[in-house]
Amino acid sequence: DAKTTQPTSMDCAEGRAANLPCNHSTISGNEYVYWYRQIHSQGPQYIIHGLKNNETNEMASLIITEDRKSSTLILPHATLRDTAVYYCIVSPRKTNAGKSTFGDGTTLTVKP
Amino acid sequence: SAVISQKPSRDICQRGTSLTIQCQVDSQVTMMFWYRQQPGQSLTLIATANQGSEATYESGFVIDKFPISRPNLTFSTLTVSNMSPEDSSIYLCSAFGTGNEKLFFGSGTQLSVL
């Protein structure tokens, strides 16, 4: 699987948009970009994934650059409960998606 | 979506003993996995639990230390054998379901070895 690079930590004001970047310059054509988050003392939670088009769901939006070498996860109105470690992963969707390699992630702290 | 129940949620064990962690999924899934998360670190894949056959272990993990069973599509166990303090970690069960495109995780087992 391609490796990802994320900033170690980020802060965001409550109510503002949180934009979390991820670099995946070695991504291959069949690899999807997945985002998970892990709130303290819980198991990771799926957020969103995409291949090349931008995606949006009830939790977040995912913006993937045209060359697919980087992406941004957007939490449109961050709340204190969004404080967590956010993991960006690239993986083939079907055959090997379960064997995802988790990097160190970005610790997002939402402040009042 | 799939709900994954894991137990025990935490345990404190003595060196040299073994602990078996159970993972139950509320729906049939194709693939089940076990991860370890050492204190302050990210997740590391231990193995893929294969139904009715031996698990597939990642580099650095062996069956004698982490025997895994998966007797059916919705249940798996991970045993941490002959424990030492270095085994103190969170152990997480996860599953990838048919038709789904994402991993679901249990809430983890916090293991402390004295």
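Whatever comes next refers back to the structure up there.
Residues numbered from 1 in each chain as written. Chains lettered and ligands numbered in written order. Predicted model: local features only at pLDDT ≥ 70, side-chain atom pairs only at ≥ 80, totals over all residues. Heavy atoms only, no water.

**Observations regarding the overall build of chain A**
Note the following rule: To qualify as a helix, a DSSP run of H or I must reach at least 4 residues; to qualify as a strand, a run of E must reach at least 2; elements of each kind are numbered from the N terminus. In this description the radius of gyration comes from C-alpha coordinates, and the expected globular size is given by 2.2 Å times residues to the power 0.38. Every accessible area reported is derived by Shrake-Rupley at a probe size of 1.4 Å, with residue values counting cover from the shown protein chains alone.
Counting secondary structure elements, chain A contains 0 helices and 9 strands. Starting at the N terminus and walking to the C terminus, you meet the elements of chain A as β-β-β-β-β-β-β-β-β. Whereas a compact globule of 112 residues would reach a radius of gyration of roughly 13 Å, chain A reaches 13 Å, a difference of no more than 12%. Accessible surface computed for chain A: about 5,700 Å², of which carbon and sulfur atoms make up 48%.

**Here we look at the interface of chain A and chain B**
Applicable threshold: Contacts are assigned to residue pairs that have any heavy atoms within 4.5 Å of one another. Note on definitions: salt bridges are taken to be side-chain nitrogens of Lys or Arg within 4 Å of carboxyl oxygens of Asp or Glu. Polar contact criterion, stated in full: a pair of N or O atoms within 3.5 Å, where within protein one must be able to donate a hydrogen and the other to accept it, and residues adjacent in sequence count only if both atoms are side-chain atoms.
Every contact between the two is made by 19 residues of chain A and, on the other side, 16 residues of chain B. On inspection of chain A and its partner chain B, the count reaches 0 salt bridges. Scanning the region where chain A abuts chain B turns up 4 residue pairs in polar contact (both at pLDDT 80 or more). At the level of secondary structure, the elements contributing two or more residues to the side of chain A that touches chain B comprise strand 3 (31-38) and strand 4 (45-50) of chain A. Ranked by residue count, the leading element in the side of chain A that touches chain B is strand 3 of chain A, at 3 residues.

**Topic: the sheet that holds strand 3 of chain A**
Residue and element names in this part refer to chain A. Rules: Two strands form a pair only when DSSP identifies at least two bridges running between them. In this analysis an axis means a line fitted to C-alpha atoms, helices contributing only their contacting stretch, and an angle means the value between N-to-C directions, from 0 to 180 degrees.
An order of 1-9-8-3-4 is seen for the 5 strands of this open sheet, with the pairing classed as mixed. One side of each edge strand has no neighbouring strand; the edge strands of this open sheet are strand 1 (9-13) and strand 4. For this sheet, the mean inter-axis angle between neighbouring strands, taken without regard to orientation, is 25°. Note that strand 3 and strand 4 share 5 bridges and pair antiparallel. Residue Arg37 lies in a different strand from strand 4, and its bridge partner there is Gln45.

**Description of the packing of aromatic side chains**
Residues and elements named next belong to chain A. The cut-off we apply is this: When two rings of Phe, Tyr or Trp (its six-membered ring) have centres within 6.5 Å they constitute a pair, described as stacked for plane angles under 30 degrees, edge-to-face for angles over 60, and tilted for the intermediate range.
Taken as a whole and assessed by the stated rule, the structure comprises 10 aromatic pairs over all chains. Their ring planes at 50° and their centres at 5.8 Å tell us that Tyr36 and Phe102 sit as a pair that is tilted. Taken together, the positions of Tyr36 in strand 3 and Phe102 in the loop between strand 8 (84-92) and strand 9 (106-111) put the pair 66 residues apart, joining distant regions of the chain.

**Considerations on the sheet that holds strand 5 (residues 55-56) of chain A**
Residues and elements named next belong to chain A. On the basis of which strands lie adjacent, the open sheet formed by 4 strands has the order 2-7-6-5 and antiparallel pairing. Bordering the open sheet on either side are strand 2 (18-23) and strand 5, each of which pairs with just one other strand. The pairing of strand 2 with strand 7 (residues 70-75) spans 6 bridges and is antiparallel. Among the inter-strand pairings, Cys22 is bridged to a residue of strand 7, identified as Ser71.

**Description of the state of the cysteines**
What counts, and what does not: The criterion for a disulfide is a pair of cysteine sulfur atoms lying within 2.5 Å. The buried label goes to any residue with under 20% of its type's maximum accessible area, the exposed label to any with over 50%, and the partly exposed label to all in between, with areas taken from a 1.4 Å probe on protein chains only.
Evaluation of the coordinates by the stated rule reveals 2 disulfides over all chains. Disulfide pairing is shown between Cys22 of chain A and Cys88 of chain A; the S-S distance is 2.1 Å. Across the S-S bond of Cys22 of chain A and Cys88 of chain A the torsion is about -80°, and the bridge reads as left-handed. Within this pair, whereas Cys22 of chain A is found in strand 2, its partner Cys88 of chain A is found in strand 8, the two being separated by 66 residues in sequence. The two residues Cys22 of chain A and Cys88 of chain A agree in class, both being buried. Here Cys23 of chain B connects covalently by a disulfide to Cys93 of chain B, the sulfurs 1.9 Å from one another. Because the torsion about its S-S bond is -70°, the bridge between Cys23 of chain B and Cys93 of chain B counts as left-handed. With Cys23 of chain B in strand 3 (residues 19-25) and Cys93 of chain B in strand 9 (residues 89-96), this residue pair connects regions lying 70 residues apart in the sequence. Accessibility assignment for this pair places Cys23 of chain B and Cys93 of chain B in one class, buried. No disulfide involves Cys12 of chain A; its sulfur sits 18 Å from that of Cys22 of chain A, the nearest cysteine. In this structure Cys13 of chain B is not part of a disulfide, and its nearest cysteine sulfur, from Cys23 of chain B, lies 18 Å away.

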